[in-house]
Amino acid sequence: MKARWKKYRVYIISIFSLALIGFYFALPHPLFSDSYSTVLQDREGHLLSAAISNDGQWRFPEQKNVPQKFTEALTLFEDKRFQQHVGVDFLSLARATRQNIQAGKIVSGGSTLTMQVIRLSRKNKPRSFFEKAIEIILAVRMELRYTKDEILSFYASHAPFGGNVVGIEAACWRYFGRSSSELSWGEAAMLAVLPNNPSLIHLGKNRNQLKQKRDRLLNRLFQEGKFDSMTLELALAESIPSNPTPLPRLAPHLLDRAAKEGFGQRTITSTIDYSLQQRTNQILHDHYNRLQANQVFNAAALIIDVKTGHVLSYVGNVASGFHNQEQVDVINSPRSTGSILKPFLYAALLDDGKMTSKTLQPDIPILINGFAPKNFSNEFDGAVPADQALIRSLNVPAVEELRKYRYEKFYELLKNMGLTTLNQPSDHYGLALILGGAEGTLWDITGIYASMARTLNNYFEHPGKNRYLKSDFHAPSYLSIQDSVRSSNLDASSWLSASSIYLTFDALQELYRPGEETGWRYFSSSKKIAWKTGTSHGFRDGWAVGVNADYAVGVWVGNADGEGRPGLTGTEAAAPILFDLFSALPDGRWFAEPASEMSKVPVCSKSGYRFSDACEKADTIWVTQAGLQTDACPFHQKIHLSADQKFRVHTQCEDPLKMISRSQFVLPPVQAYYFKQKNPSYVALPPFRKDCANPSSFASMDLIYPKPDAKIYIPIELTGTPNYTVFEAAHQSPSAILFWHIDDVFIGSTSKIHRISLIPNTGKHTLTVIDNTGEAISRPFLVLSGKKN
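Here the structure is a predicted model, which means the values were calculated and not measured. (Residues numbered from 1 in each chain as written. Predicted model: local features only at pLDDT ≥ 70, side-chain atom pairs only at ≥ 80, totals over all residues. Heavy atoms only, no water.)

Q: Explain the overall build of the protein residue by residue, including any values.
A: Scanning the protein from N- to C-terminus turns up 21 helices and 26 strands. Counting across all 789 residues of the protein, residues that qualify as buried make up 52%. Across the protein, contacts joining residues at least 24 apart in sequence account for 66% of those joining residues at least 6 apart. Carbon together with sulfur atoms contributes 52% to the accessible area of the protein, which is approximately 37500 Å² in total. (Helix = DSSP H or I, 4+ residues; strand = E, 2+ residues; numbered from the N terminus. Buried < 20%, exposed > 50% of the residue type's maximum accessible area, 1.4 Å probe, protein only. Contact = heavy atoms within 4.5 Å. Areas by Shrake-Rupley, 256 points an atom, 1.4 Å probe, with all protein chains shown as cover.)

Q: Talk me through empty space enclosed by the protein; I want residue IDs and the actual numbers.
A: All told, the structure shown has 3 cavities of 30 Å³ or more when counted by the stated rule. Every residue along the wall of the largest cavity is listed here: Lys342, Leu345, Tyr346, Ala386, Ala389, Leu390, Leu394, Pro397, Ala398, Glu401 and Ile434. Of the residues in the lining of the largest cavity, the class split is 9 nonpolar, no polar and 2 charged. In this structure, the second largest cavity occupies an estimated 40 Å³ of space. Residue assignment for the lining of the second largest cavity shows that the elements contributing at least two residues are helix H6 (148-158) and helix H7 (168-175). In terms of residue count, the dominant contributor to the lining of the second largest cavity is H7 (3 residues). In terms of residue class, the lining of the second largest cavity is built from 6 nonpolar, 3 polar and 1 charged. (1 Å grid on protein atoms, 1.4 Å probe; cavity = no way out; pocket = protein on both sides within 12 Å on 5 of 7 lines; lining within 4 Å. Points joined across faces, edges and corners; volume = space filled by probe spheres on them. Nonpolar A, V, L, I, M, F, W, Y, C, P; charged D, E, K, R; others polar.)

Q: Break down the state of the cysteines for me, with residues and values.
A: Applying the stated criterion across every chain, the model contains 0 disulfides. The thiol of Cys604 is unpaired, and the distance to the nearest cysteine sulfur, on Cys615, comes to 3.4 Å. A relative accessible area of 1% places Cys604 in the buried class. Left without a disulfide partner, Cys633 is nearest to the cysteine sulfur of Cys615, which lies 3.9 Å away. With a relative accessible area of 8%, Cys633 lands in the buried category. (Disulfide = S-S within 2.5 Å.)

Q: Mind laying out the packing of helix H4 (residues 113-121) against H6, listing which residues take part and the relevant values?
A: Contact pair H4 / H6: the axes reach a minimum separation of 9 Å and the direction vectors enclose 50°. It follows that H4 is oblique to H6 by the angle criterion. Remark: the crossing between H4 and H6 carries left-handed chirality. From H4, Leu113, Thr114, Gln116, Val117 and Leu120 reach across to H6, where they touch Ile151, Leu152, Phe154, Tyr155 and His158. Tallied by class, the residues present in the contact of H4 with H6 amount to 7 nonpolar, 3 polar and no charged. (Axes fitted to C-alpha atoms, helices over the stretch in contact; angles between N-to-C directions. Parallel < 35°, antiparallel > 145°, perpendicular 65-115°, else oblique. Left-handed = near helix turned anticlockwise from the far one by under 90°.)

Q: So what's going on with the pattern of salt bridges? Residues and values would help.
A: Taken as a whole and judged by the stated rule, the model has 22 salt bridges. A salt bridge links Glu72 to Lys226; its shortest N-O distance comes to 2.9 Å. Separated by 154 residues along the polypeptide, Glu72 in helix H2 (residues 68-78) and Lys226 in the loop between helix H9 (207-223) and helix H10 (229-237) bring together distant segments of the chain. Exposure remark for Lys226: the relative accessible area of 36% places this residue in the partly exposed category. Overlapping salt bridges bring together Asp34, Asp55, Arg59 and Lys123 as one network. (Salt bridge = Lys/Arg side-chain N within 4 Å of Asp/Glu carboxyl O.)

Q: Tell me about the sheet that holds strand E14 (residues 551-558), residues and numbers included.
A: What the 5 strands build is an open sheet, ordered E7-E6-E14-E13-E12; its pairing is antiparallel. Looking at the sheet topology across the chains shown, the edges are occupied by strand E7 (311-315) and strand E12 (530-535). Strand-to-strand twist in this sheet, taken as the mean axis angle between neighbours without regard to direction, amounts to 10°. Helix-sheet contacts for helix H12 (residues 274-291) involve strand E6 (298-305), E7 and E14, and the interaxial angle to E7 is about 35°. (Pairing = 2+ DSSP bridges.)

Q: An account of the sheet that holds strand E21 (residues 725-731) is needed here, citing residue identities and associated values.
A: Across the sheet, 3 strands lie side by side as E19-E21-E24; this open sheet has antiparallel pairing. The open sheet terminates on both sides in strands that have one partner only, identified here as strand E19 (701-705) and strand E24 (755-758). For this sheet the average axis-to-axis angle between neighbouring strands, irrespective of direction, equals 25°. The pairing of E19 with E21 spans 4 bridges and is classified as antiparallel.

Q: Give a detailed account of unusual backbone geometry, specifying residues and quantitative values.
A: Within the chain, Gln265 stands out as a residue other than glycine whose phi angle is a positive 60°. The topology assignment puts Gln265 in the loop between helix H11 (252-263) and strand E5 (267-269). Taking the relative accessible area as the measure of exposure, Gln265 reaches 35% and is therefore partly exposed. At Arg406, a position not held by glycine, the phi torsion is positive, near 85°. For Arg406, the location among the structural elements is in the loop between helix H15 (395-405) and helix H16 (407-417).

Q: Any chance you could break down the side chain of His253 for me, citing the residues and the numbers?
A: With respect to the element layout, His253 can be found in helix H11. For His253, a relative accessible area of 9% translates into the label buried. One polar contact links the side chain of His253 to the main-chain carbonyl oxygen of Glu326, over a distance of 2.6 Å. Every residue in contact with His253, bar those within four places of it in the chain, is listed here: Tyr314, Gly316, Asn317, Glu326, Gln327, Val328 and Asp329. (Polar contact = N/O pair within 3.5 Å; in protein donor to acceptor, adjacent residues only side chain to side chain.)

See the structure below:
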């Protein structure tokens, strides 16, 4: 008998152990495997945008905190002993059993909230006694694993609220247009009774039945002492919403971006400022009416806090309502940069000491390996100070500056500062890199301007020799969880110095913008900002970026499909939006001068180079430390004149005692040709007196080819392309530089060996060659059409 009992006891213990193990592992983890909506909030928790879940439900991610009013209403309506039972309320079960027997069918389930959570997690399987038993077991197990608050959270997050609305947070936004934390008693009561039978009670129908159930619950809450009679009266007077309301769509493009970057199906707390985001949307919408008149349908804006790099406003595209590709997030889309990169090159040249802010830059027709850049105005100034070339966004000086700096070096600088769209080798872009030959995103470009401002601000935070954090150059961040620990190692330098950044911003805050840059008239001088516009080739992209010590603002305007429109320029299309956005921001500070990194030096007032004894007048300007090494003025020359000062002479033709010597500002011939057209006061170099021009009977230079009145036959290759014709000249001086023109169009320069290869068009032409002393020779010629051999 004892042996048999021992045997049964082993069986019993084994069965009991297996049951315990089964009970322990019976509850799945996680409890719910549903897909969720992606929810984007501002930095204070206000809803900006939300996307429907993959299964077509408005189901917000699970929330930990359930509103107190909803908790009170729900537990009183569904499970008044919720806080006391262990998952099963046997009194409710007994009552439900009695009601079902009396009715002859199931009219009451007697389920607790815990059991309802289990039923929801099991996807509302058909009701049966077996299913009820499973729910009871799992409910008890759930009570052992989770707290009461967590169980309430599960219910509030997964209960159906009619239609495709699941969970209290989604219901509050769909039915009341606000967060669950702002529920009134009337709203809380309505939501408490709604999951009881959401398929029957719908806002669009049976609204009276829903109101009756809600009002009965409100009266019970009043009897329980949850609120006073005045609150009851107000709650009973609240109407039932007739139709679901659309959710906010203040930042749909940022929502999509966050989902693509791995933050989908969760509640995302962003760095966005809610009121500023609203204002930015409104400003873009206001300007849309102006833009669409020119068939321009898309615009985007980005506002960044300089100190933190946090995005305060993100409007990826204007909401036109006409579906003109407004779903495209332009902020993150590569677009041709136009002139928007020019300030980076300007700062780099200052940082390297290759120029001062006033150094004259050539602005003449140039041809570099088939690349012939032109200014927006199709005019040339001959020579222009560097800061004015930047302010006026002149293309030719920018190309000359890039050639001086080297495009390979600039390419690396852009990548180091945060331009992520340079996917080709530097040779692919070449000198066109500075004129929109590369693509950039509004995200990267505005981020670089913000990083420059951050670097300048933080320069004053670190006294001593090492004052720079290269990590100050970093991408913007739109999610608070993206904030990462950046390097805190101080360096003696960064990608750009504080002094070069300051001098660049100082130039860009100039309000008078002639030529293309006329957007100054839209902005009051009461707010100092450094700003730059850009326009891509074909009028496809209009850019405007502005910055002060606190904010960086970027604007793009155009058509997302790349269609160009006449007049679509950064100044006319984007700058007005930029200025309105700055007007919506608090007054920002201007930058402090990094005086310890700069020096005041005298420069030639006409050339901007370091002052020399030959210069007539000096101006004092700030330069970077590297700027102290810039060259002395090369344009002032000492010349000898005849007594009447009309001609140049030399000792071979004039008595030195009769010569008058003076210093004169002399530009190279081609620069002088265009410069004097814009500067009538420019004094050209006097010609040599006839008896002094040349002691011999030969001219200083002559054309070897073509000969006078030559007729040139240009052969055609087998491929059908014309062959080159080589023009050649000779000059007495081995150091002479010759500047070649055809029909007054500059085509190139030569030194030492004066040969140039061209393919002129069929017809009559005039070849003009000017040397570096200003002497010229011209020759007409005729080009005949080619024939196959």
